[in-house]
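Here is how the chains run, residue by residue.
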Amino acid sequence: MRFVDEYRDAEQAHVLSARIAALCEPGRHYKFMEVCGGHTHTIYKHGLEDYLPESVQLVHGPGCPVCVIPMGRVDDAVAIARADPDVILTSFGDMMRVPGGTGSFLDAKAAGADIRMVYSPLDALKIAKRNPDRRVVFMAIGFETTAPSTAMTVLRAAAEGIGNFSVFCNHVTIIPGIKAILDSPDLRLDGFLGPGHVSTVIGCRPYEFIAAEYGKPLVCAGFEPLDVLQSVHMLLEQLDEGRSEVENQYARVVPWDGNPRALEAIGKVMELRPYFEWRGLGFISHSALRMRDDYARYDAERIFDLPGVRVADPKACQCGEVLKGVLEPWECKVFGTACTPETPIGTCMVSSEGACAAYYNFGRFTRERVKEAARA
Amino acid sequence: MCLGIPGEIVELPRDGSDVAKVEVVGVRRAVNVGLLDEERLHLGDWVLVHVGFAMSKIDEAEAAATLELLRGLGEAYDDELDALSRSDLDLDLDKN
């Protein structure tokens, strides 16, 4: 594990920590958003906040795909599963416990619906091939990291003429989500840690407007502790030099221009929706994907009658504020009491990539309480 | 789902199919490499696998570091590996 040590070298972390502190202007407060849930995990697991001066704050963004799915879409999927005993609804494991207005997939399954967890959309297609007398629907979620996989699976279904497979498309696109955050009046940010794996698909170019039009630097960041610290250092360097650019810290995985084949597959099968509701962020224009007319026969939204009802989030749940980075997870009214990974009220606690789950699982809540008590 | 699991290519696609075999911590599974066609894949190469598709080619150092990072996630990683090991992505198996 020599290589791992290189990414985790405590000595290097301290060197970076000192450089970060040296770049901070006295009296100035810096707020950077890590867009991706993977970064949130790394930050909590390795206690990276301890390596940052008090004046540098990392806030969590909307980059967990499960967390941004509104309750109404969960209800729509459950309605599909209950539409007919012939229907088999499939989805990633992360979706199973997400609460909808009428319960979760697990609740619907317990009530008799045939809902199955799959690792890949290809698994769903295989279930369709093995059950030609059933109708198999794949509930597709995720940003541009998973959208190409759904698109490739639909292309495969079309090539093989598989008629009993369809997709309930809930893919969202990261750029409008970031733009909504930038346009939000209640949050002042100094820069972004860009999502590492979404960027393997879209590349770095789509972020350029953030630097050019909003004057905020963005650094595509890897997931190792030193990646995150180095990315913070790169952001501070830009601010120090009066620059606002897009930089790629994770070049060992992220190509500047993304993955053209993946983008081509998405473009062939899907198109932008005029608008889509994000949990906590509301309706955002051109922020999600739907199936193109050419693939209508694979579009569950055209095959099934969906309630399509907007369901308000539970009043006690403050996932919206957490997703926008306005609240730290532990500041939510129900965090760690009514809302835990075992009994989640909100999506941020359900998904392993959610900020609340990461916070809860790595014990930062206790730490904050101890700090609070010490201050009192 | 979004983190991606590194896998080492142990079998290359055959007969123009997009399916390669990768090994992830002892689990050998079919993976679709159709999104990487432009890159030449060789036995022993490492790829980052998201929901059954190889999304990018990575070097061994990145693979080792990512695996270590994933192990640190505990349950989330176990669930992902468990799902991968129960998955059967080689659609063409039916034809055999």
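What comes next is a walk through the structure. (Residues numbered from 1 in each chain as written. Chains lettered and ligands numbered in written order. Predicted model: local features only at pLDDT ≥ 70, side-chain atom pairs only at ≥ 80, totals over all residues. Heavy atoms only, no water.)

Turning next to helix H7 (residues 147-160) of chain A. All names here are of chain A. With 14 residues, H7 should reach 20 Å at 1.5 Å per residue; the first-to-last C-alpha distance of 20 Å fits that figure. Within H7, 10 of the 14 residues are buried, which leaves it mostly tucked inside the rest of the structure. Just downstream of H7 lies Gly161, where phi reads positive at about 65°. (Helix = DSSP H or I, 4+ residues; strand = E, 2+ residues; numbered from the N terminus. Expected span 1.5 Å × (residues − 1). Buried < 20%, exposed > 50% of the residue type's maximum accessible area, 1.4 Å probe, protein only.)

Residue and element names in this part refer to chain A. If you trace the four strands from one edge of the open sheet to the other, you get S4-S3-S5-S6, paired in parallel fashion. With partners counted over all chains shown, the strands left at the sheet margins are strand S4 (115-117) and strand S6 (165-171), one partner each. Across the sheet, the mean angle from the axis of one strand to that of its neighbour is 25°, orientation sign disregarded. Relative to S6, strand S5 (residues 135-142) runs parallel, the two being bridged by seven bridges. Paired with Ile141 across the two strands is Asn170, which belongs to S6. Sheet strands touched by helix H6 (residues 121-130): strand S3 (87-91), S4, S5 and S6. Its angle to S5, the strand with the most contacts, is close to 175°. (Pairing = 2+ DSSP bridges. Axes fitted to C-alpha atoms, helices over the stretch in contact; angles between N-to-C directions. Contact = heavy atoms within 4.5 Å.)

Residue and element names in this part refer to chain A. Running from amino to carboxyl end, helix H2 (residues 10-23) crosses helix H11 (residues 225-240) at an angle of 20°, the nearest separation of the two axes being 9 Å. Taken as axis vectors, H2 and H11 run roughly parallel relative to one another. Judged by the sense of rotation from one axis to the other, the crossing of H2 with H11 is left-handed. Residues Gln12, Ala13, Leu16, Arg19, Ile20 and Leu23 of H2 form the contact with H11, whose participating residues are Leu226, Leu229, Gln230, Val232, His233, Leu236, Glu237 and Asp240. Partitioned by chemical class, the residues of the contact of H2 with H11 number eight nonpolar, three polar and three charged. (Parallel < 35°, antiparallel > 145°, perpendicular 65-115°, else oblique. Left-handed = near helix turned anticlockwise from the far one by under 90°. Nonpolar A, V, L, I, M, F, W, Y, C, P; charged D, E, K, R; others polar.)

Honestly, that's just the spatial picture; any functional story needs more than this.
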